Amino acid sequence: MNILDSQLFKRVMYFKFFMVICIWGLIPLLIPEHLIPSLGLHLSDAQITIMRFWAVVVLLDTFVYLYIYKKPHSKISKYLLIFSILDNGGFGLLFLILTPILKLPWGIWINIPFQLFFGYWFWRFYKEGHFE
C-alpha cells in the first residue's frame, strides 16, 4: 500500500491544516495587540504588522497543503512536498539552533516540535510515496 493512500497521510494532513489555519494563521492575524506580550513577544507596531502579514502568507500556504492532500500522487505534489520538508524541517531546525543563542520567547520555540514533526512526515511521504 502506498503511504499517500494511508490513513496516516490523511491524519497528518488534517493536523497540518489545523496548525496552519488555527495556530499559525488565525492566532497571529487576529490576536489583540494587548495579548501579544503574553506569548513572550514584545513587538513594535512595525513588527506586529509584519507578523500579521506573515499570518496571511501562512494562511495562503493552506492551498499548498490542500493540493498535496487532494492530489498526492501528482508530480507537482512531489515538488510541493520538497518545499514542505524545507519549510517545516528547515524552520524547525533553524529555531532549534537559534532559540538558545537568541533566547527566543516561548511563543516561538513552542512550535519547534510541531515543525520537526511535519518535516519528518513530509520527508517520509516524499521518500515512500509513488508519484506520476
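Okay, so let's go over this structure. Predicted model, so just to flag it, every value in this text is computed and none were measured.

**A few points about the overall build of the protein**
Tallying secondary structure elements over the protein gives five helices and zero strands in all. Overall, the protein shows an N-to-C arrangement of helices and strands of α-α-α-α-α. A principal-axis box enclosing the C-alpha atoms of the protein has dimensions of 50 × 30 × 20 Å. By residue count, 39% of the 132 residues in the protein fall in the buried class. The long-range fraction of contacts in the protein, counting pairs at least 24 apart against all pairs at least 6 apart in sequence, stands at 70%.

**A look at the packing of helix H1 (residues 7-30) against helix H2 (residues 45-70)**
Viewed as axis vectors pointing N to C, H1 and H2 meet at an angle of 165°, and their least axial separation amounts to 8 Å. As summarised for this structure, H1 and H2 are arranged roughly antiparallel, according to the angle between their axes. Helix-helix and strand crossings are classified by hand; for H1 and H2 the assignment is left-handed. Looking at the contact of H1 with H2 residue by residue, the class counts come to 20 nonpolar, two polar and three charged.

Rules used throughout
- Residues numbered from 1 in each chain as written.
- Predicted model: local features only at pLDDT ≥ 70, side-chain atom pairs only at ≥ 80, totals over all residues.
- Heavy atoms only, no water.
- Helix = DSSP H or I, 4+ residues; strand = E, 2+ residues; numbered from the N terminus.
- Buried < 20%, exposed > 50% of the residue type's maximum accessible area, 1.4 Å probe, protein only.
- Contact = heavy atoms within 4.5 Å.
- Axes fitted to C-alpha atoms, helices over the stretch in contact; angles between N-to-C directions.
- Parallel < 35°, antiparallel > 145°, perpendicular 65-115°, else oblique.
- Left-handed = near helix turned anticlockwise from the far one by under 90°.
- Nonpolar A, V, L, I, M, F, W, Y, C, P; charged D, E, K, R; others polar.

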